[in-house]
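Chains, contacts and geometry: an overview
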Amino acid sequence: MIGHLNLILRLAIWFLLTSDVSLANIIIGITVAILLPGRQKVPEALKDWLRVLGEVIVAIPQAYVEALEIIFRPHQHEDVIREQVKPQRTPGLIFLDIFLITFTPKTIVLKYHQQGWYEVHRIRRRKKG
């Protein structure tokens, strides 16, 4: 099951990068997804993948809302914060976490630290405090 999720993830990234769902691109995407080298086999809980899938579904409309906020009410303040990695994350789930943080227009991951945290750049409407 997890192998199928990895294949779907690779295909989703392929389609996001190419913005093309033609038959030829689907065939190329499947070929690339299958031929990419695998990673170490680490047991991943299906519930973690389902939780991340739910977060992706929430992130899509959130990204549109944030983009509109930036357009109509410019954000003038920015900072870099440290965000803790969720416990016992596999490399695939860490990648998805970074993807989700970066997917929304107000935040981007600058660096992942092996000690278990991300450096996240974010913009805000006004400075707190």
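Each remark here, short or long, concerns the structure printed above.
Below you will find a few notes about this structure. Everything numeric in this text was worked out from a predicted model, so none of it was measured. (Residues numbered from 1 in each chain as written. Predicted model: local features only at pLDDT ≥ 70, side-chain atom pairs only at ≥ 80, totals over all residues. Heavy atoms only, no water.)

**Re the nonpolar core**
What counts here: Nonpolar cores are built from buried Ala, Val, Leu, Ile, Met, Phe, Trp, Tyr and Cys residues. Side-chain atoms within 4.5 Å join them into one set. We call a residue buried when its accessible area falls under 20% of the maximum for its residue type, exposed when it is over 50%, and partly exposed in between, using a 1.4 Å probe and counting protein chains only. What makes two residues a contact is simply this: any of their non-hydrogen atoms within 4.5 Å.
If you look at the biggest cluster of nonpolar residues, it comprises seven residues: Leu9, Trp49, Val52, Ala59, Leu93, Leu96 and Leu100. Residues in contact with Val52, not counting those within four places in the same chain, are Arg89, Leu93, Leu96 and Leu100. Grouped together as the second largest cluster of nonpolar side chains are six residues, Val85, Ile101, Val109 and Tyr118 included.

**So, the environment of Phe15**
Our working definition: A run of H or I in DSSP becomes a helix once it reaches four residues, and a run of E becomes a strand once it reaches two; helices and strands are each numbered from the N terminus.
Looking at the element boundaries, Phe15 is found in helix α1 (residues 2–18). Through-space distance from the C-alpha of Phe15 to that of Ile26 is 8.2 Å; in sequence the pair is eleven residues apart. When neighbours within four sequence positions are excluded, Phe15 is seen to be in contact with Asp20, Val21, Asn25 and Ile26.

**Quick look at the pattern of salt bridges**
Test applied: Each salt bridge in this description consists of a side-chain nitrogen of Lys or Arg and a carboxyl oxygen of Asp or Glu lying within 4 Å of one another.
Enumeration over the complete set of coordinates arrives at five salt bridges. The salt bridge involving Glu69 is made with Lys106; its shortest N-O contact spans 2.4 Å. Of the two residues, Glu69 is situated in helix α3 (residues 46–72) and Lys106 in the loop between α4 (91–103) and β2 (107–113); the sequence distance between them amounts to 37 residues. For Lys106, a relative accessible area of 17% puts it in the buried group. Among the salt bridges present, the one from Arg122 reaches Asp79, with a minimum N-O distance of 2.8 Å. Taken together, the residues span a long stretch of sequence, with Arg122 in strand β3 (residues 117–124) and Asp79 in strand β1 (residues 77–84) at a distance of 43 residues. Each of Asp79, Arg122 and Arg124 takes part in salt bridges that share partners, so that together they form one network.

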